[in-house]
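# Secondary and tertiary structure notes
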Amino acid sequence: MNTGAVTLTARDAADAVRRRGEPTRALAGQDERIAAACRDMAVRFRRGGRLLTFGNGAATADAAHLAVEFVHPVIVGKRALPALSLVGDPATLTGIARRRGFDDIFAAQLRTQADRDDIAVGISADGACTNVARALTEAAGRGLLTVALVGGDGTGAVVATPGLDHLLVVRSTDPAIVKELHVTIYHVLWELAHVFLEQTEDRRAGAGR
Amino acid sequence: MSGIESLYPFLYGEAEATSPAGDTGGSVFDDVRRSTREKVAEIAALREQVIAEYAEALASCAIAIAASFAGGGRLWAFGNGGSSTDAQAVAALFAAPETEGAVCLPAVALTADVAALTALSNDVSFDVVFARPLAAAGRPGDVAFALSTSGGSANVLRGLAEARHRGLVTVGLAGYDGGAMAEPGAVDHLFVMRSSSVHRIQEAQTTVYQVLGELTRRALGAPAGPATDG
């Protein structure tokens, strides 16, 4: 490997960051879809549901990040909410993969762990992850609220999940850009689900319950 | 109206004017939509600020990381909480790239080894969970890649100090004003996301490390990657 062959300049770096501009602006146009997902998640938490998250590769880190947002809020005073990522236990993951195949690693955990009031969030940068699609299908069949974060052109196995409640698409074919905007989406899901949740609590308190 | 909608009508777009609280500022739903757009605008602006302040530094940091890999070096990534998941994403960016045909480069997330983390926390102190593995396995010329939104996590700072002591190249991603990570001598390549929102800081940090990954591959002579849109 030779690092002398290619020169990198500040302009290369600036151009790379600027490629985020258009997909980021486009995300603002999904405000209604994002708000609807927040609202429905708040209703599930109100009913005692848990958040269950999953994804592959880089999205594994996002699944873990999304779960910890809810369990340990970064904003002081926000209540902790029950969330579990299905990517955190290598013994479980490799055990299921060996016996039932990689496509079942998340669906099998849902069959064991999920209750009907829970929320399933699947993350797939290209929308093509078979194991994410299978888990969301399993979740929808069990009555969970289902949310998919995908990228690309908005097609693929995950997008085609029967009964999917919320589909949030980042319109970019660059998986790095998709990931960055997924981080923004799930930060917003966390923060604004709390807004809806606090509303339900305020109203119930106001009604003298 | 579904069962849920009749239970929480105010969540489903009914005007606040009809609510018991008597607000007139539009529905909660509209407030949340507006808040979503504002947050998206904030992260777009923060990325512009990163370009203004760090374009040059991003290029030179990528050259340093590329030189490390070219010389047989390894990259070690670490952070706490949400930043621990970013550390894993950093390691995967190099070691398990999602781009077809991209070369795999040796990178490890120190946060992925739960046995080491809990052993050190239980037997010694949580403050040494990154410094100790770096002392054991870090070599001169390796890269220590640290993420902290505050710039003040004790175990991250201890890890960076150990790395510098052993001759590793140190890269630090922080937020706010950089905290202790911004003090002279703490880190070779420092990137501070100048925001007071932990969320926007993490989002901008994700851009920084992914752009560093892309530029590092270019410095190593690889194709630019999937820069096909945007």
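Look up a bit, the structure's there.
Description of the structure in this document. (Residues numbered from 1 in each chain as written. Chains lettered and ligands numbered in written order. Predicted model: local features only at pLDDT ≥ 70, side-chain atom pairs only at ≥ 80, totals over all residues.)

## As for the overall build of chain B
Test applied: To qualify as a helix, a DSSP run of H or I must reach at least 4 residues; to qualify as a strand, a run of E must reach at least 2; elements of each kind are numbered from the N terminus. Around each residue's C-beta, the other C-beta atoms within 10 Å are counted; 20 or more make the residue buried, 12 or fewer make it exposed, and counts in between make it partly exposed. All C-beta atoms are placed from the backbone.
Looking only at helices and strands, chain B has 7 helices and 5 strands in total. Along chain B, helices (α) and strands (β) appear in the sequence α-α-β-α-β-α-α-β-α-β-β-α when read from the amino end. Here chain B holds 230 residues, and 52% of them are scored as buried.

## Brief notes about the environment of D103 of chain A
All names here are of chain A. Filter applied, for reference: Contact criterion: two residues are in contact if their C-beta atoms, reconstructed from the backbone, are within 7 Å.
Relative to the helices and strands, D103 resides in the loop between α5 (90-100) and α6 (107-113). Note on D103: 16 C-beta atoms within 10 Å, which makes it partly exposed. Each C-alpha atom of the pair D103 and T130 lies 5.9 Å from the other, and the pair is 27 residues apart in sequence. Residues within four places of D103 in sequence aside, it is in contact with T130, N131 and R134.

## Considerations on the environment of L220 of chain B
Residue and element names in this part refer to chain B. As for its placement among the helices and strands, L220 is situated in the segment after α7 (198-219). For L220, a count of 21 C-beta atoms within 10 Å translates into the label buried. Expressed as a C-alpha distance, the spacing of L220 and A204, which sit 16 residues apart in the sequence, is 24 Å.

## Section: the sheet that holds strand β2 (residues 107-109) of chain B
All names here are of chain B. Operational definition: Here the rule is simple: two strands pair whenever DSSP picks up at least two bridges between them. Axis geometry follows a simple rule: fit a line to the C-alpha atoms, using only the stretch in contact for helices, then measure angles between N-to-C directions, giving values from 0 to 180 degrees.
Reading across from one edge, β2-β1-β3-β4-β5 is the order of the 5 strands in this open sheet, with parallel pairing throughout. The open sheet terminates on both sides in strands that have one partner only, identified here as β2 and β5 (189-193). Taken pair by pair, the neighbouring strands of this sheet meet at an average axis angle of 15°, ignoring direction. Across 3 bridges, strand β1 (residues 75-78) lies against β2 in parallel orientation. Paired with A77 across the bridge in β2 is A109. In this fold helix α2 (residues 28-70) packs onto β1, β3 (143-147), β4 (169-175) and β5, with an angle of close to 155° to the strand it touches most, β5. Running at roughly 165° to β2, helix α3 (residues 82-95) makes contact with β1, β2 and β3 of the sheet.

## Focus on the packing of α3 of chain B against α7 of chain B
Residues and elements named next belong to chain B. Applicable threshold: Our angle categories are set so that under 35 degrees counts as roughly parallel, over 145 as roughly antiparallel, 65 to 115 as roughly perpendicular, and the remainder as oblique. With the far helix as reference, a near helix turned anticlockwise by less than a right angle produces a left-handed crossing, and one turned clockwise produces a right-handed crossing. Polar here means any residue outside two lists: the nonpolar Ala, Val, Leu, Ile, Met, Phe, Trp, Tyr, Cys and Pro, and the charged Asp, Glu, Lys and Arg; Gly therefore counts as polar.
Between α3 and α7, whose axes approach to 10 Å, the crossing angle comes to 15°. In terms of axis orientation, α3 runs roughly parallel to α7. Crossing of α3 over α7 shows right-handed handedness. Within the contact between the two elements, α3 uses G82, D86, V90, L93 and F94 and α7 uses Q202, Q205, T206, Y209, Q210 and G213. In terms of residue class, the contact of α3 with α7 is made up of 4 nonpolar, 6 polar and 1 charged.

## As for the sheet that holds strand β3 (residues 119-124) of chain A
Residues and elements named next belong to chain A. If you walk across this open sheet you meet the 5 strands as β2-β1-β3-β4-β5, and the pairing is parallel. Each edge of the open sheet carries a strand with a single partner, namely β2 (83-85) and β5 (166-170). Neighbour to neighbour, the strand axes of the sheet diverge by 15° on average, direction disregarded. Direction of pairing for strand β1 (residues 51-55) relative to β3: parallel, over a ladder of 5 bridges. Looking at β3, one finds that F54 is bridged to G122. Sitting on the sheet, helix α3 (residues 31-46) touches β3, β4 (145-151) and β5, and the angle it makes with β5 is about 140°.

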